[in-house]
Amino acid sequence: MAEPFRIALAGVGTVGGGVAHQLLTRGDELAHRAGRPLKLIAVSTREVDKPRRTDLAGIPWQANCVDLASTDAHIIVELIGGEDGPALDLIEAALEARKPVVTANKALLAAHGLRLATTAESAGIPLRFEAAAAGGIPIVKALRESLITYPIECVRGILNGTCNYILTEMEATGSPFAEVLRDAQAHGYAEADPALDVGGGDTAHKLAILSALAFGVAPGTRSMRVSGITAIEQEDISFAREFGYRIKLLGVARRNGQQLDQRVGPAMVKIATPLADVDGVFNAVVVHVASAGPFIFEGRGAGEEPTTSAVIADIVDIARGANGPAFGRPARDLEPVVSAPGDACRSPFYVRFALLDAPGALAEIAGHLAHAGVSIDSMIQRPQSTADAVVIVMITHECSQTAIEAAIKAISASDKVVGIPCLIPMETI
Ligand code: NDP
Ligand code: HSE
């Protein structure tokens, strides 16, 4: 039998716990896949005595995770999390020691991916991160190795299991946002800081990784428009249904000539189109490829098992000798993102706001829209249960992001409008 492939693992929480469990209980089956036994030779966690599902008693423990890089492990698996701090220190030390790295840490890759990929390539070793985008869906490998012949036009998807779970449960049960978020945390879907999930940051991190793979740009979030789902109310979900749509948090990267439009935010997705029926913790990615696509990938996007599945796949690939640039092209060829301006980003929009029930109020709003060049396609007016206001929902004709934002700015400033308007783009593909 070939020499065992020695693995050092940092972090034994939701994901690391699953990885340790698989390595310790299914070693023989995985050895057939890897061509050699997979051996967990060291772990690092924050607390040594914490009760764990898998007994790690026989595995040497390192108090300082960075020390894993100086063990005789063939590979370092980082499943701690966090953009900086111990996770980054460990990965840097591992690459310095010329040890391949597997990580699920999208926050870290979105911030430091270019530099780490450059270091890994100079050292001639692999840096792999299948679990960092869309959980168990093998989208990283697909973009890195399979969808390489024709230019990719657009990548869009539901990339955050926590948000998709929240939106699905709010719609299905009418439960309030905070209660459903607590469920998602209990299932192990949410980030240590769930504001990253519900604020859109986690989707942005994943979109940065997918954009690098699909479009050959340096990973990063700076040029993205990012919003989350915290402003979505039950009535938006009901209105969406009335118009034949569902609300999904999407990450979208679309090529526009030499420019790239990258955005994260809630979107109205037409019922019976691929992304509309993706529910619960499931993620989905649609890759539009000139001449060849679209390709649709769907599967569980968060939680122990799907993420473990992706991490183990990376470990097995590396055990068999897989190598090559982290983002599919040499890191030196990844280009800075040139953002598409708001004028170039066009769609119809859903707009909801509360308006004083007074003469001329609606005429004033119509005036703001007309002034910005935004035309109304359809409109609903409903009485509000409180005060002397009405709820207005409008669907606009296609217009630019710049135009609708100018109109919303003027509408928000009106003394006839109560509270903050809700603006959601309608997906047209
Ligand atoms: P958890 O919070 O469940 O686990 C984190 C683990 O890291 C714990 O075992 C913790 O130790 C350990 N840890 C924390 N600080 C240190 C340190 N300084 N040194 C060594 N170990 C440390 O996180 P998850 O498993 O959910 O997430 C891990 C990574 O996977 C993150 O990057 C996350 O974004 C990513 N990810 C998570 C998914 C999910 O569904 N949960 C899906 C896809 C990616 P202790 O147990 O002692 O507290
Ligand atoms: N918090 C993330 C999510 C974990 O909910 O999708 C998977 O990356």
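### Looking at the side chain of Asp 317
Within the secondary structure, Asp 317 sits in helix α11 (residues 304–319). Asp 317 has contacts with Lys 141 and Ala 322, leaving out every residue within four places of it along the chain.

### Some points on the domain arrangement of the protein
What the domain assignment reports for the protein is domain 1 (5–135 + 306–333), domain 2 (139–298) and domain 3 (344–427). Here the C-alpha centre of domain 2 lies 26 Å away from the C-alpha centre of domain 1. Each partner contributes residues to the interface: domain 1 has 20 residues there, and domain 2 has 25 residues. Buried surface at the junction of domain 1 and domain 2, summed over both partners, amounts to about 1,800 Å²; 62% is from carbon and sulfur atoms. Among the residues of domain 1 in contact with domain 2, Lys 106, Ala 110 and Phe 327 are the three that bury the most area, contributing 29% of the side total. At the surface where domain 1 touches domain 2, the tally comes to 3 salt bridges. Note that Lys 141 and Asp 317 form a salt bridge whose closest N and O atoms lie 2.7 Å from each other. Counting across the domain 1 and domain 2 interface gives 7 residue pairs in polar contact (both at pLDDT 80 or more).

### Quick word on the site of ligand 2
Neighbouring ligand 2 are 13 residues, the closest being Lys 106, Thr 162, Tyr 189, Glu 191 and Asp 197. A distance of 3.5 Å is found between an oxygen atom of ligand 2 and a side-chain nitrogen or oxygen belonging to Asn 160. Contact between ligand 2 and Glu 191: a nitrogen atom at 2.7 Å from a side-chain N or O atom of the residue. Relative to its free-state accessible area of 250 Å², ligand 2 is covered by the protein chains to the extent of 94%. For the shell around ligand 2, the secondary structure elements donating two or more residues are α6 (161–173) and α9 (201–215).

### Looking at the side chain of Lys 206
Note that Lys 206 resides in helix α9. Take Lys 206: its relative accessible area is 4%, and that puts it in the buried class. Excluding its chain neighbours within four sequence positions, the residues that come into contact with Lys 206 are Lys 106, Ala 132, Ala 133, Ala 134, Leu 159 and Asn 160.

### A word on the packing of aromatic side chains
Scanning all chains against the criterion turns up 2 aromatic pairs. Centre to centre, the rings of Phe 129 and Phe 327 are 5.1 Å apart; their planes meet at 40°, and the pair counts as tilted. Remark: Phe 327 occurs in the loop between α11 and β12 (346–347) and Phe 129 occurs in the loop between β5 (127–128) and α5 (139–146); sequence separation between them is 198 residues. Each member of the pair, Phe 129 together with Phe 327, is buried.

### Observations concerning the site of ligand 1
Every one of the 25 residues lining ligand 1 counts as a neighbour, but Glu 47, Lys 50, Arg 52, Glu 191 and Gly 303 are closest to it. Within the side chain of Arg 46, an N or O atom sits 2.9 Å from an oxygen atom of ligand 1. Glu 47 places a polar main-chain atom, nitrogen or oxygen, 2.8 Å from an oxygen atom of ligand 1. Protein chains shield 86% of the accessible area of ligand 1, which is 900 Å² for the free molecule. Class assignment of the residues belonging to the shell around ligand 1 gives a composition of 9 nonpolar, 10 polar and 6 charged.

### Considering unusual backbone geometry
A negative phi angle characterises most non-glycine residues, just as the trans form characterises most peptide bonds. With a phi angle near 80°, Ala 272 is a residue other than glycine that sits in the positive phi range. Although it is not a glycine, Ser 291 sits at a positive phi angle of roughly 70°. Structurally, Ser 291 is set in the loop between β10 (282–289) and β11 (295–300). Judged by its relative accessible area of 73%, Ser 291 falls in the exposed class.

### Concerning the sheet that holds strand β17 (residues 417–425)
Strand order in the open sheet formed by 4 strands is β14-β15-β13-β17, with antiparallel pairing between adjacent strands. The open sheet has two free edges, formed respectively by β14 (376–383) and β17, since each of these has just one partner strand. Ignoring which end each strand starts from, the neighbouring axes of this sheet average 15° apart. Helix α13 (residues 401–413) contacts β13 (349–356), β15 (389–396) and β17 of the sheet and is inclined by roughly 170° relative to β17.

### Description of the pattern of salt bridges
Applying the stated criterion to the full structure yields 25 salt bridges. Taking the shortest distance from any N to any O, the salt bridge between Arg 6 and Glu 3 comes out at 2.9 Å. Judged by relative accessible area, Glu 3 falls into the partly exposed class, the value being 44%.

### Quick notes on the nonpolar core
Core analysis: the biggest nonpolar cluster contains 88 residues, and Phe 129, Ile 139, Leu 143, Ile 152, Val 287, Phe 327 and Tyr 350 have the highest contact counts within it. Here this core takes 9 residues from α9, the largest share from any one element. For Ile 139, the residues in contact, after removing those within four places along its chain, are Glu 130, Ala 133, Ala 134, Leu 210, Val 285, Val 287 and Phe 297. In this structure, Ile 7, Ile 75, Val 102 and Ile 312 belong to the second largest nonpolar core, which totals 28 residues.

Conventions used here
Residue numbering note: each chain is counted from 1, following its sequence as written. Key to labels: chains lettered from A, ligands numbered from 1, both in the order written. For this predicted model, a pLDDT threshold of at least 70 governs which residues receive local features, and a threshold of 80 or more governs which side-chain atom pairs are given and counted, while totals over whole chains, interfaces and linings are taken from all residues. Excluding hydrogens and water, the side-chain values take into account all heavy atoms of the structure. Note on conventions: DSSP H or I runs of at least 4 residues are helices, E runs of at least 2 residues are strands, and numbering of each starts at the N terminus. Should any heavy atoms of two residues lie within 4.5 Å, those residues are counted as being in contact. The split of the chain into domains comes from an automatic or database domain assignment. When two components associate, each loses some accessible surface as probed by a 1.4 Å sphere; the sum of these losses over both components is called the buried area. For salt bridges, the criterion is a side-chain nitrogen of Lys or Arg within 4 Å of an Asp or Glu carboxyl oxygen. In the analysis that follows, any N or O atom pair within 3.5 Å is treated as a polar contact, provided that within protein one partner can donate a hydrogen and the other can accept it, and provided that, for residues neighboring in sequence, both atoms belong to side chains. Residues are classed as near a molecule or strand on a simple rule: at least one heavy atom within 4 Å of it. Here the Shrake-Rupley method, with its probe set to 1.4 Å, supplies the accessible areas, and only the displayed protein chains count as covering residues. Between buried and exposed lies partly exposed: a residue is buried under 20% and exposed over 50% of the maximum accessible area for its type, with that area taken using a 1.4 Å probe on protein chains only. Any pair of Phe, Tyr and Trp rings, taking the six-membered ring for Trp, is counted once the centres come within 6.5 Å. Such a pair is stacked with planes under 30 degrees apart, edge-to-face with planes over 60 apart, and tilted for the rest. Classification used: nonpolar for Ala, Val, Leu, Ile, Met, Phe, Trp, Tyr, Cys and Pro, charged for Asp, Glu, Lys and Arg, polar for all others including Gly. Strand pairing is assigned whenever DSSP detects at least two bridges linking the two strands. The axes used here are C-alpha line fits, helices contributing only the stretch in contact, and every angle between their N-to-C directions lies in the interval 0 to 180 degrees. In these notes, a set of buried Ala, Val, Leu, Ile, Met, Phe, Trp, Tyr and Cys residues joined through side-chain atoms within 4.5 Å is what counts as a nonpolar core.

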